[in-house]
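What follows is the residue order along each chain.
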Amino acid sequence: MALTPRSGAVMSAYLYGPPDDMDDMDDMDDMDDMDDMDDIAAKHGLPVIEDACQSFGAVYLGRKRCKLLTVGCYGDCHARNPRPRTRKALLPHRRRRPHGHSTQCVIVLAKLHRFDWEVECGKGLGAGYAQYTVFVENREKMLEVFKNAGVPTAVHCPASLHRQPANKTEGPGLAHTARAAARVVSLPVGADLATTGQRRVVVVPKEGIA
Amino acid sequence: MTIQFIDLKAQYQALKSSIDARIQQVLDHGQYIMGPEVAELEAKLAEYTGARHCITVASGTEALLIALMALDVKPGDEIITTPFTFVATAEVIALLGATPVFVDIEPDTCNVDASKIEAAITPRTRAIMPVSLYGQPADMDEINTIAARHGLTVIEDAAQSFGAEYKGEQSCNLSTIGCTSFFPSKPLGCYGDGGAIFTSDDHLARAMREIRVHGQERRYVHTRIGVGGRMDTLQCAVVLGKLERFEWEVEQRLRIGTRYNELFAGKVSTVTQRPDRTSVFAQYTVFVENREQVQDKLKAIGVPTAVHYPIPLHRQSAYAALGRISGKVSSSEVMAGRVMSLPMSADLSRQEQEHIVQLVIEALGR
């Protein structure tokens, strides 16, 4: 429905990971269905670009080519982790600064030796996501509860792109986006998060609401 | 002896403890994005140039792009510049959909010919972007006067000239906006990509700071279109590690460049040094005929050379249709066929330099 004669490409984003609780998503289509997206794009002769900024390691099946847009490193996407699912790997897209032996490449290379371990730890924590995100009602109160308990949180993203002053777009069909923007809270995640730390994070909201 | 074109290793050896310590501090504190070294470097560089604001950015190219975005340059706008420069100067103009308008250079300095700028101005002109080529500032007073008369902004492309002076003032603080590069081979370089914008205009500075972080006025609120344009904390740390020796290096560059001129006087044609300004000799450049043969001869006897630039931008296939030429650009075309740069760095020894000069003179059959 969004396609017009001026459409040049389809750009999807792997955000956090697929929702675990489909009850919360009721009428929402599976946003992450790359096969459907590939089919639609192919039908209209459009390339698909995957913004995989948070999902390094994802691989894709199928005919349509997608490009992994970024590789995590200290200078740039330093909070990225791979997705737990895999499909067939495709060509990494070069960053706008293509200097092959830069300081940042060296840092990523140094991290690679424990990368598989980090992925496994992530699965053990039940995450493996760049962000572990939950949906809450009354987000302001929940943020206060976490803050008082010393648990850092983040909100990605509170203002969806169509509502940013720089874009100034409104329109039908973005109700799920708006709803998600009002409900998301991301929790501490990372391969080095100890189990005790994770338990504490889970308990805090229960204690805070009680 | 093995001669390096630019001896970065010697510089690192001289500064190793300082640079290593600075890098380690960043790795230890872990603030890899917008860490304390960013603000520290910006404060020190602003003080050095005399500009009120220094905004570090991802590269010299990004500096030019962000400067133009802060001026809200749009498709249909024209920016006057020189075709005898690194491609980034025109690239950023074209990326914003604006038109680079090429004005010819002076054949003796290879800087833009200020006397030809006014003829290039149209109602669509928004800014003038002179390049301080090879490290010598362009005719900034003349250019600023023309710009003021027509309500235009001047952006000094000072990618090669950080540290140079013009009538007692520092390059990067000679016009409303100055942009420089910390590419490793520059007079002040980092160990990767980096750059900075200088201005004393508070509104422009604020716009540039927002643009470099995706147009954010505050976290999550994007009030303008931006770019991912920050300079890494690590690279800021490297530049900080180099600052202790920078003034000495500027003095050395001036001394070595002047010595080259003296040794070549009457024998080899060189870039003219204007008396009212200095150069940091980002490149030491001579003018030769039969350049390819000369370069081959010199290469065979161990003297590396470089050509900046063999193809002026109006002849680059990506820009031929995008730019507009004002008048003729014959000097640009002639000099593109004659320029040849020689080894240059603050650590170039007297012995190496005299050796290079002798071999160049012999290669030219003088």
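In the nomenclature of an unreviewed UniProt entry, chain B is known as UDP-2-acetamido-2-deoxy-3-oxo-D-glucuronate aminotransferase of Accumulibacter regalis.

As annotated in an unreviewed UniProt entry, chain A carries the name UDP-2-acetamido-2-deoxy-3-oxo-D-glucuronate aminotransferase and is attributed to Accumulibacter regalis.

Whenever I open this one, the overall build of chain A confuses me. Can you help?
Helix and strand content of chain A: 6 helices and 4 strands. Secondary structure elements in chain A, listed N-terminal to C-terminal, are β-α-β-α-α-β-α-α-β-α. A burial count over chain A gives 19% of its 210 residues as buried. A fraction of 74% describes how many contacts in chain A between residues 6 or more apart in sequence connect residues 24 or more apart.

I would appreciate a short explanation of helix α5 (residues 140-150) of chain B in the present structure.
Given 3.6 residues per helical turn, the α-helix brings residues three or four places apart onto the same face. Residues and elements named next belong to chain B. When we look at burial in α5, the residues that qualify are Met-140, Ile-143, Ile-146 and Ala-147. When α5 is viewed along its axis, its buried side chains cluster within an angular range of 130 degrees and face the same direction. Opposite the buried face of α5, at more than 90 degrees from it, the exposed residues are Ala-148 and Arg-149. Phi turns positive one or two residues past the end of α5, at Gly-151, with a value near 65 degrees.

Explain the sheet that holds strand β14 (residues 324-325) of chain B here, please?
Each strand in a sheet pairs with its neighbour through backbone hydrogen bonds, running either in the same direction (parallel) or in the opposite one (antiparallel). Residue and element names in this part refer to chain B. Ordered in space as β1-β9-β8-β5-β4-β2-β3-β14, the 8 strands form an open sheet in which the pairing is mixed. If you trace the sheet from one side to the other, it starts and ends with β1 (53-57) and β14, each paired once. Sheet analysis places strand β2 (residues 78-81) next to strand β4 (residues 125-129), joined by 4 bridges and oriented parallel. Paired with Ile-79 across the bridge in β4 is Ala-127. Those strands touched by helix α2 (residues 36-49) are β1 and β9 (195-199), and its axis lies near 130 degrees from that of β1. Lying on the sheet, helix α3 (residues 60-70) is in contact with β1, β5 (153-157), β8 (177-181) and β9; it crosses β8 at an angle near 160 degrees.

Which parts of the structure should I look at to understand unusual backbone geometry?
Most peptide bonds take the trans form, and the phi angle of most residues other than glycine is negative. All names here are of chain B. Note the cis peptide between His-308 and Tyr-309, where omega equals 15 degrees. Mapped onto the elements of the fold, Tyr-309 is located in the loop between α8 (291-300) and β14. Even without glycine at this site, Tyr-220 takes up a positive phi of about 75 degrees. Residue position: Tyr-220 is located in the loop between β10 (216-218) and β11 (221-222).

What is the right way to look at the domain arrangement of chain B in this model?
For an interface, size is often stated in terms of accessible area lost upon the parts coming together. Residues and elements named next belong to chain B. Structurally, chain B comprises domain 1 (8-239) and domain 2 (246-363). Its C-alpha centre places domain 1 at a distance of 23 Å from the equivalent point of domain 2. Counting residues at the interface gives 38 residues for domain 1 and 39 residues for domain 2. Counting residues per element, the side of domain 1 that touches domain 2 draws most heavily on strand β3 (residues 99-102), which supplies 4 residues. In terms of residue class, the side of domain 1 that touches domain 2 is built from 22 nonpolar, 9 polar and 7 charged.

It is not clear to me how the pairing of β9 of chain B should be interpreted in this structure. Could you clarify?
Residues and elements named next belong to chain B. Burial of β9 is extensive: 5 of the 5 residues sit out of reach of the surface. Every second residue of β9 is oriented toward a common face, with Gly-195, Ile-197 and Thr-199 on one face and Ala-196 and Phe-198 on the other, all of them buried. Across 5 bridges, β1 lies against β9 in antiparallel orientation. Residue Cys-54 lies in a different strand from β9, and its bridge partner there is Phe-198. As paired elements, β8 and β9 share 5 bridges and run antiparallel to each other. Paired with Gly-178 across the bridge in β9 is Phe-198.

Would you mind going over the packing of α2 of chain B against helix α7 (residues 233-264) of chain B with me for this structure?
For any two helices packed against each other, one specifies the crossing angle of their axes together with the interaxial distance. Residue and element names in this part refer to chain B. Running from N to C, α2 and α7 cross one another at 45 degrees; their axes reach a closest spacing of 8 Å. Classed by the angle they form, the pair α2 and α7 counts as oblique. The handedness of the crossing between α2 and α7 is left-handed. Where α2 approaches α7, its residues Glu-37, Val-38, Glu-40, Leu-41 and Lys-44 are matched on the opposing element by Thr-233, Cys-236, Ala-237, Val-239, Leu-240 and Leu-243.

Calculation rules
Each residue is numbered by its place in its chain's sequence as written, counting from 1. In the order they appear in the text, chains get letters beginning with A and ligands get numbers beginning with 1. Owing to the predicted nature of the model, reporting of local features is limited to residues with pLDDT of at least 70; listing and counting of side-chain atom pairs is limited to 80 or more, with chain, interface and lining totals taken over all residues. Think of it this way: any DSSP run of H or I at least four residues long counts as a helix, any run of E at least two long counts as a strand, and we number them from the N terminus. Here a residue counts as buried when 20 or more other C-beta atoms sit within 10 Å of its C-beta, as exposed when there are 12 or fewer, and as partly exposed otherwise, the C-beta atoms being derived from the backbone. Here, residues touch in the contact sense if the C-beta positions derived from the backbone fall within 7 Å of one another. Throughout, the arc means the angular range of directions from the helix axis out to the C-beta atoms. Pairing between strands requires that DSSP locate at least two bridges from one strand to the other. What counts as an axis is a line fitted to C-alpha atoms, over the stretch in contact for a helix, and the angles between N-to-C directions run from 0 to 180 degrees. Note: domain ranges come from an automatic or database domain assignment. Under the convention adopted here, Pro, Cys and the residues Ala, Val, Leu, Ile, Met, Phe, Trp and Tyr are nonpolar, Asp, Glu, Lys and Arg are charged, and Gly plus all remaining residues are polar. When describing relative orientation, an angle under 35 degrees is termed roughly parallel and one over 145 degrees roughly antiparallel, while 65 to 115 degrees is termed roughly perpendicular and anything else oblique. The hand of a helix crossing depends on one turn: near helix anticlockwise from the far one by less than a right angle means left-handed, and clockwise means right-handed.

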